[in-house]
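# Overview (structure and organization)
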Amino acid sequence: GDKALKGNEETFYINLMHAFVGKKNIDSTRYYYNLINKAMADRDSIYEVLSNANYFMGKYHYAESNIDSALSYILKAKRFGEGEEELGPFIRASHLLGKIYLTQGKYKESITQLQLILNNEFEFDQAEYAEIHQSLAQSYAKLNQWDSAYRHLGLHSTINEKLLIASSNKNFADAEG
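Here we summarise the structure given alongside this text. None of the values given here were measured: they were computed from a predicted structure. (Residues numbered from 1 in each chain as written. Predicted model: local features only at pLDDT ≥ 70, side-chain atom pairs only at ≥ 80, totals over all residues. Heavy atoms only, no water.)

## Some details on the overall build of the protein
- Per the secondary structure count, the protein includes eight helices and zero strands.
- N-terminal to C-terminal, the α/β element order of the protein is α-α-α-α-α-α-α-α.
- Residue burial in the protein is summarised as follows: out of 177 residues, 41% are buried.
- In the protein, of all internal contacts separated by at least 6 residues, the share reaching a separation of at least 24 is 56%.
- Here the protein has roughly 10,200 Å² of accessible surface; of this, 48% comes from carbon and sulfur atoms.
- Separation of charge centres in the protein, based on 19 positive and 23 negative side chains, amounts to 7 Å. (Helix = DSSP H or I, 4+ residues; strand = E, 2+ residues; numbered from the N terminus. Buried < 20%, exposed > 50% of the residue type's maximum accessible area, 1.4 Å probe, protein only. Contact = heavy atoms within 4.5 Å. Areas by Shrake-Rupley, 256 points an atom, 1.4 Å probe, with all protein chains shown as cover. Lys, Arg positive; Asp, Glu negative; His and termini not counted. Charge placed at Lys NZ, Arg CZ, Asp CG, Glu CD.)

## Focus: the layout of surface pockets
- If you add up the space inside the largest pocket, you get close to 200 Å³.
- Around the largest pocket, the lining is made up of 13 residues, and of these I14, N15, N52, F56 and R92 lie nearest the centre.
- Within the residue set of the lining of the largest pocket, elements represented by two or more residues are α1 (9-22) and α3 (47-63).
- Per element, the largest residue contribution to the lining of the largest pocket is six residues, and it comes from α3.
- For the lining of the largest pocket, a count of residues per class yields five nonpolar, four polar and four charged. (1 Å grid on protein atoms, 1.4 Å probe; cavity = no way out; pocket = protein on both sides within 12 Å on 5 of 7 lines; lining within 4 Å. Points joined across faces, edges and corners; volume = space filled by probe spheres on them. Nonpolar A, V, L, I, M, F, W, Y, C, P; charged D, E, K, R; others polar.)

## Here we look at the packing of aromatic side chains
- Using the criterion set out here, one finds eight aromatic pairs in the structure.
- Pairing F12 with Y13 gives two aromatic rings, centres 6.2 Å apart and planes at 45 degrees, and the pair type is tilted.
- Judged by its relative accessible area of 11%, Y13 falls in the buried class.
- Look at Y47 and F80: their rings are 5.8 Å apart centre to centre, the planes differ by 20 degrees, and that puts the pair in the stacked class. On the criterion of sequence distance, the pair formed by Y47 in helix α3 and F80 in helix α4 (residues 67-81) is long-range, its members being 33 residues apart.
- Exposure remark for Y47: the relative accessible area of 38% places this residue in the partly exposed category.
- A relative accessible area of 16% places F80 in the buried class.
- The structure contains a cluster of three or more aromatic residues connected by ring pairs, namely F12, Y13, F20, Y31 and Y32.
- Above the plane of the ring of F80 lies R79, whose end atom (NZ or CZ) is 4.8 Å from the centre.
- The cationic tip of R92 hangs over the ring face of Y55; the distance from NZ or CZ to the ring centre is 6.0 Å. (Phe/Tyr/Trp six-rings, centres within 6.5 Å; stacked < 30°, edge-to-face > 60°. Lys NZ or Arg CZ within 6 Å of the ring centre and 35° of its normal.)

Here's what the structure looks like:
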């Protein structure tokens, strides 16, 4: 089978990692990362879970400007997420890899990485889609490719505007309730 943990433990651990990354608590994040990896060692693994676990470790290190550590985790996250049915972890890892390349001054690599993931469906996360366009705009701007930078910045703004309108409509509907 494709199960290494009992019940919904893997989802619980991933959610805890997500929360601890947000709180910048690396010790607790690392604790659940190690639990996931230990539970899946020498067994069939749920690669989506391993991809998410490595993504959250990479995200933490990226936020702390530990770029080498972030890169190491994100490359693992991307590898585990590649070919999985659920695309979200792979897309998030690939996006963060593009941002790492941008931070490292590898603008062409950033653009290549980010363009590859634009071919996926983003109905699950329009905010991520908008952020990818923002990262592309920044990369193109660093290369003085202004037409491309403005085009992606425009797409970023349009998507964000739609998200804000949808959120406002939902808030009005909830208030009228």
